[in-house]
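Geometric and topological summary
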Amino acid sequence: MKAICGADCNKCGFKEKCAGCQETNGHPFGDSCMLAQCSNNNSCYEGCKSCATACKLKAKLIEEFNTLGIEDMEEVTNLNALKGSFVNLEYTLPSGQTIKFWNDNRIYLGNQICKKNSDRCYGLTADENYLLVCEYGENGANPELVIFRKR
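Residues numbered from 1 in each chain as written. Predicted model: local features only at pLDDT ≥ 70, side-chain atom pairs only at ≥ 80, totals over all residues. Heavy atoms only, no water.

**Focus: the side chain of N111**
If you trace the backbone, N111 turns up in strand β4 (residues 107-114). Polar contacts involving the side chain of N111 include one to the main-chain carbonyl oxygen of N78, which spans 2.7 Å. Beyond its immediate chain neighbours, meaning those up to four positions away, N111 contacts N78, L79, N80, L82, Y122, G123 and L124. (Helix = DSSP H or I, 4+ residues; strand = E, 2+ residues; numbered from the N terminus. Polar contact = N/O pair within 3.5 Å; in protein donor to acceptor, adjacent residues only side chain to side chain. Contact = heavy atoms within 4.5 Å.)

**Details of the environment of L82**
One can find L82 in strand β1 (residues 80-83). Residue L82 is classed as buried on the basis of its relative accessible area of 15%. Sequence separation of L82 and N105 is 23 residues, and the distance between their C-alpha atoms is 10.0 Å. (Buried < 20%, exposed > 50% of the residue type's maximum accessible area, 1.4 Å probe, protein only.)

**Description of the packing of aromatic side chains**
Counted under the stated rule, the structure contains 5 aromatic pairs. Aromatic pair Y130 and F148: ring centres 5.0 Å apart, planes at 10 degrees, arrangement stacked. Of this pair, Y130 sits in strand β6 (residues 130-136) while F148 sits in strand β7 (residues 144-150); the two residues are 18 residues apart in sequence, bridging distant segments of the chain. Here the aromatic residues Y91, F101, W102, Y108, Y130 and F148 are joined through ring pairs into a cluster of three or more. (Phe/Tyr/Trp six-rings, centres within 6.5 Å; stacked < 30°, edge-to-face > 60°.)

**Some points on the nonpolar core**
F65, M73, V76, L124 and V133 are the most contacted members of the largest nonpolar core, which totals 22 residues. Mapped by element, the contributors of at least two residues to this core are α1 (34-40), α2 (56-66), β4, β5 (121-126) and β6. Those residues within four positions of V133 in sequence are excluded, and the remaining contacts are F65, L68, I70, M73, Y122, G123, L124, L145, V146 and I147. (Core = buried A, V, L, I, M, F, W, Y, C linked by side-chain atoms within 4.5 Å.)

**Observations regarding the confidence of the model for the protein**
Scored by pLDDT, the protein comes out at a mean of 82, with 72% of its residues at no less than 70. Averaged over each element, pLDDT in the protein is lowest for α1 (64) and highest for β5 (97). (pLDDT = per-residue confidence, 0-100.)

**Quick word on the pattern of salt bridges**
Pairing of side chains with opposite charge becomes possible as their charged atoms draw close. For the structure shown, the criterion picks out 8 salt bridges. In this structure, E64 and R151 form a salt bridge, with 2.6 Å as the shortest nitrogen-oxygen distance. On the criterion of sequence distance, the pair formed by E64 in helix α2 and R151 in the segment after β7 is long-range, its members being 87 residues apart. Put simply, K115 and D72 hold a salt bridge, and the shortest N to O gap is 3.7 Å. Of this pair, K115 sits in the loop between β4 and β5 while D72 sits in the loop between α2 and β1; the two residues are 43 residues apart in sequence, bridging distant segments of the chain. Judged by relative accessible area, K115 falls into the buried class, the value being 16%. Here the salt bridges share partners, and the residues they tie into one network are D72, K115, R120, E135 and E144. (Salt bridge = Lys/Arg side-chain N within 4 Å of Asp/Glu carboxyl O.)

Printed below as a string of structure tokens:
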């Protein structure tokens, strides 16, 4: 299999369940992949060899995460392609309602960033329309929504 964005499919933990990016025109798990969409829309930097490393959308999202002003979050320097089921944590709202924000079969851009002076981490996830920052313990335990906002 070969990814549209140039990502190395052999390093992916989901490669056995993936239908292939090029084979599905950027819908490897039945829903869209942000990096494939970027490649298909020709929105990469001029001379870009691999959308996975030099995508304008990716750079813009990094900038947006860094300007959120979360005091104890380290600077975001990279975002990775992440399958929705990997980042689709369940949050309890103040009303007691539980909610998930993402589609399990979509590929988003995100990262895990250490929270300064804490054993907890920040999980960052984004699509074309929304930014999500959450805080959680080991293996996603006790997730708390920090920010979910329209871009």
